Amino acid sequence: MRLFKIKKSNLFPFLRGLEGFGELWGPVRKGEKVVYARAKPEEFDLKALRTMIPAKKFLLPPKFTSLKFRESRWEDDYRPKRKVVFGLHPCGIHALNIYHRFYTRLYSDPYYERAKEATLIVGLSCVPDEYCFCYATGTSTVNEGFDLFLTDLGDRLLVWVGSPKGEESLKLVGKYLEDVEQKDISDYVAWRKRRDAAFKLKVDLDGMPEIVSFSYDSPVWEKMGKACLSCGTCTMVCPTCTCFDLEDEYDLKRDEMHRQRFWYSCVFREYSMVAGGHNFREARSERLKLWYTHKLVGFMSEYGAPACVGCSRCVVSCPVGINVVSVVRALRNERTAALWTKMEVSDA
Amino acid sequence: MHEILYQQDNPYMPERARIVRKYDLTRDVRFFQVRLCNPDKVFPVTSTYSPGQFMMISLPYVGEAPFSITSTPSRPGLFEFCIRKVGRLTSRLFELEENDFIWLRGPFGNGFPVESMIGKDLLFVAGGLGAAPLRSLLLYALDNRDLFGKLFYLHGARTPADMLFREEFFQLKQRKDFQCYLTVDQDPEGNWPFDKGVVTSLFKYVKVNPKNTAAVVCGPPVMYKYVVQEFIKLGIPDANIYMTLERKMKCGMGKCGQCVVGHKYVCVDGPVFTLWDVKNIKGLI
């Protein structure tokens, strides 16, 4: 266990020092939303909870050139920039752990590996708002997956080192580090207690794998399918969504072909359509069912935990209120205020 | 050093191959024999895959798609594919000549569990293009004939002109150690010498020991239900009934997610599934 503390007044110099590793990115407020942006430490919103797009964008960008084809040869020159990503909360780090297990199992994804190597994850503690439900998914605290993790205790922050890369990076900011005392630990314990009492949203994911499986023919899916806009927002904002598509784009200027890799969504109609036009999931309800089966059943059987980390991005993003909370409640026959459950949608 | 590793370690990097031979099997299905251009890879790659696996065929500017390998690892050196002209990539493939290049990745997928089929009777049922992946296992079994019990192969096509590998099967029918039955739905020219009717009508010829039989089916989606009913009637257990499925795939490695069904990735957990899997995982068929 490697634990230090820094004075709150030293936080900005501490973060500036870490820039020795690479570009500094963190949560910055833009209008009503918060986004991860490259900025000075003073511009970071330290109280921000969920960014619009999760930190997965640092490990596999929404769109990038995976391969080039020029002069009859394939080339792979993808070299992600070195970045310090500040402000990930425990849910976000859990999501990255899911990402890691997913992308390194069987065939390890080289693009992910390179970005992972080039990224320094600096976590930050948080206090939940009315949407957070990470306590229900068991992701409200982390033990691994970060390089450094900062816990805000008011006038000082605890600095927990989580990896050799994190330990190495501390050489850049060694002058700000102080040893922890017993008082710091007891303050931390008190902070944990306050934080754990702050959750407001009640949702129970217990039993979800089999309840989702047993509910395969439930009318809930049909109702949801009628309200769903197939916009794909849920999959873009979900920190554990991994699907992508590959498309060849011709670059006229350079006379070369770029095989573009970009985020893709299982709620899109073309997702399961094969050549010849057969679509294995023509109905929107079928595609939503796939998403929820994958999140709440699939990962459970593969990794022993659901692929939901309770960040509530789907809760604040879906225009018709289809999200983990409302779906779980509907499958449990509980009342929910979600828009989709009240919508009367015609078949037209 | 790093640069070289990046190029070699990337499983998304396609490998160049040459079309050494091509000819039409039917009006819209063409047979391709291809050889990897890197001589060091030819033997290791073409002798070690499992029947039932697939490869990603890549054409720059067009894209990439999965295709069943129709050749057998027991005859290494070349990969064979049986491709129907149906979409963008396949249309472009049909414009290529012998000696042109294509690019390959793979082989991917679980393939048939050949080891667990050893000592059993094998019953193949192919419909239309379904003959492509089954031919791989069939040739493997014929090349290693001593390892298996009785061999039954039932193949249905719409018309004689639509039957894949027609000449090859006419020749194989001569073998005494192999029961091959061919049928067509219609015979417009009236010179088909064998059975007529749907493929399930050929089950009357099948004489296997059901408790010790591996049954394999591949064909158009509508066929599965009826063929599986026949397997069950014979008394073959669910776990010994295999089917190989089709899905859209972009990576072949369980990453892109487009072939996902429930929590299974058809590209790594399949494309070969048992009847039990199909019953257990909703949406597979």
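In this numbering scheme, every chain counts its residues from 1 along its sequence in written order. For naming, the first written chain is A and the first written ligand is 1, with later ones following in the order written. Where local features are concerned, this predicted model is filtered to residues with pLDDT of at least 70; where side-chain atom pairs are given and counted, the filter is 80 or more; whole-chain, interface and lining totals use all residues.

**Observations regarding the overall build of chain B**
Next, step 1: Summing up its helical and strand segments, chain B has nine helices and 15 strands in all.
Next, step 2: Overall, chain B is about 60 × 45 × 35 Å in size when its C-alpha atoms are taken along their principal axes.
Next, step 3: Burial statistics for chain B: of 285 residues in total, 48% are counted as buried.
Next, step 4: When contacts within chain B are restricted to residue pairs at least 6 apart in sequence, those whose partners lie at least 24 apart make up 69%. Under the scheme used here, helices are H or I runs from DSSP no shorter than 4 residues and strands are E runs no shorter than 2 residues, and both carry numbers assigned from the N terminus. Any residue whose C-beta has 12 or fewer other C-beta atoms within 10 Å is treated as exposed, any with 20 or more as buried, and any in between as partly exposed, C-beta atoms being built from the backbone. What counts as a contact here is a pair of residues whose C-beta atoms, placed from the backbone, lie within 7 Å.

**Examining the overall build of chain A**
Next, step 1: Of regular secondary structure, chain A possesses 14 helices and 12 strands.
Next, step 2: Throughout, the radius of gyration refers to the C-alpha atoms, and the reference size of a globule is 2.2 Å times the residue count to the power 0.38. Relative to the 2.2 N^0.38 estimate, which gives 20 Å for 348 residues, the radius of gyration of chain A is 22 Å and therefore close to what a compact globule would have.
Next, step 3: Taken along its principal axes, the extent of the C-alpha atoms in chain A is 65 × 60 × 40 Å.
Next, step 4: The buried share among the 348 residues of chain A stands at 41%.
Next, step 5: When contacts within chain A are restricted to residue pairs at least 6 apart in sequence, those whose partners lie at least 24 apart make up 70%.

**Re the interface of chain A and chain B**
Next, step 1: Each side of the interface is counted separately: chain A has 35 residues, and chain B has 31 residues.
Next, step 2: Contributions of two or more residues to the side of chain A that touches chain B are made by strand S4 (63–70), strand S11 (244–251) and helix H11 (284–303) of chain A.
Next, step 3: By residue number, the principal contributor to the side of chain A that touches chain B is H11 of chain A, which donates seven residues.
Next, step 4: Here the nonpolar group is Ala, Val, Leu, Ile, Met, Phe, Trp, Tyr, Cys and Pro; Asp, Glu, Lys and Arg are the charged ones; every other residue, Gly included, is treated as polar. In the side of chain A that touches chain B, the residues fall into 21 nonpolar, eight polar and six charged.

**So, the domain arrangement of chain B**
Residues and elements named next belong to chain B.
Next, step 1: Boundaries between domains were set according to an automatic or database domain assignment. For chain B, the domain assignment lists domain 1 (2–108) and domain 2 (114–244).
Next, step 2: If you average the C-alpha positions of domain 1 and of domain 2, the two centres end up 26 Å apart.
Next, step 3: Listed as interface residues are 17 residues of domain 1 and, on the opposing side, 16 residues of domain 2.
Next, step 4: Tallied by class, the residues present in the side of domain 1 that touches domain 2 amount to six nonpolar, eight polar and three charged.

**A closer look at unusual backbone geometry**
Next, step 1: Following Gly-106 of chain B, the chain continues into Pro-107 of chain B via a peptide bond in cis, with omega recorded as 0°.
Next, step 2: Relative to the helices and strands, Pro-107 of chain B is located in strand S6 (residues 101–108).
Next, step 3: Going from Gly-270 of chain B to Pro-271 of chain B, the amide bond is cis rather than trans, its omega being 10°.
Next, step 4: The phi angle at Ser-230 of chain A is positive, at roughly 55°, despite the residue not being glycine.
Next, step 5: Looking at the element boundaries, Ser-230 of chain A is found in the loop between helix H9 (219–227) and helix H10 (233–237).
Next, step 6: Even without being glycine, Ser-312 of chain A reaches a positive phi, approximately 70°.
Next, step 7: Here Ser-312 of chain A shows up in the loop between H11 and helix H12 (313–317).
Next, step 8: You can call Ser-312 of chain A buried: it has 25 C-beta atoms within 10 Å.

**So, helix H5 (residues 131–143) of chain B**
Residue and element names in this part refer to chain B.
Next, step 1: Each residue after the first adds 1.5 Å to the expected span of a helix. An ideal rise of 1.5 Å per residue puts 18 Å on 13 residues; H5 measures up with 17 Å between its terminal C-alpha atoms.
Next, step 2: Extensive coverage of H5 is indicated by the burial of 11 of its 13 residues.
Next, step 3: Where H5 is concerned, the buried positions are Ala-131, Ala-132, Pro-133, Leu-134, Arg-135, Ser-136, Leu-137, Leu-138, Leu-139, Tyr-140 and Ala-141.

**Focus: the sheet that holds S6 of chain B**
Residue and element names in this part refer to chain B.
Next, step 1: Spatially, six strands are ordered S4-S3-S6-S1-S2-S5 in an open sheet, and the strand pairing comes out antiparallel. The open sheet has two edge strands with one neighbour each: strand S4 (63–68) and strand S5 (79–84). Mean inter-strand twist for the sheet, computed between neighbouring axes without regard to direction, equals 40°.
Next, step 2: Any two strands between which DSSP finds at least two bridges are classified as paired. For strand S3 (residues 54–59) and S6, the ladder comprises four bridges, and the chain directions are antiparallel. Residue pairing for S6: Ile-57 is matched across the bridge by Leu-104.
Next, step 3: Helix axes are fitted to C-alpha atoms over the stretch in contact, other axes to C-alpha atoms as well, and angles between N-to-C directions run from 0 to 180 degrees. Across the sheet, helix H2 (residues 39–46) touches strand S1 (15–24), strand S2 (29–36) and S5, and the angle it forms with S2 is around 120°.

**Thoughts on the pairing of strand S9 (residues 179–184) of chain B**
All names here are of chain B.
Next, step 1: Counting buried positions along S9 gives five out of six residues, so the element sits mostly inside the fold.
Next, step 2: As paired elements, strand S8 (residues 151–157) and S9 share six bridges and run parallel to each other. Across the sheet, the residue bridging to Leu-154 is Tyr-181, located in S9.
Next, step 3: Strand direction decides the pairing type here: S9 and strand S10 (residues 195–196), joined by two bridges, are parallel. Residue pairing across strands places Val-184 opposite Lys-196, the latter belonging to S10.

**As for the sheet that holds S9 of chain B**
Residue and element names in this part refer to chain B.
Next, step 1: Pairing within the open sheet is mixed, and its seven strands lie in the order S10-S9-S8-S7-S11-S12-S15. Edge strands, defined here as strands with exactly one partner in the open sheet, are S10 and strand S15 (272–274).
Next, step 2: Taken together, the three bridges between strand S11 (residues 213–218) and strand S12 (residues 241–244) define a ladder with parallel strand orientation. Counted as the bridge partner of Val-216 is Tyr-242 from S12.
Next, step 3: Strands strand S7 (121–127), S11 and S12 of the sheet are contacted by helix H7 (residues 221–234), whose axis makes an angle of about 165° with S11.

**With respect to the domain arrangement of chain A**
Residue and element names in this part refer to chain A.
Next, step 1: Entries for chain A in the domain assignment read domain 1 (2–60 + 76–196) and domain 2 (208–244 + 265–342).
Next, step 2: Here domain 1 and domain 2 have C-alpha centroids that lie 28 Å from each other.
Next, step 3: Facing the 22 residues of domain 1 at the interface are 19 residues of domain 2.
Next, step 4: No other element matches the eight residues that helix H3 (residues 90–104) contributes to the side of domain 1 that touches domain 2.

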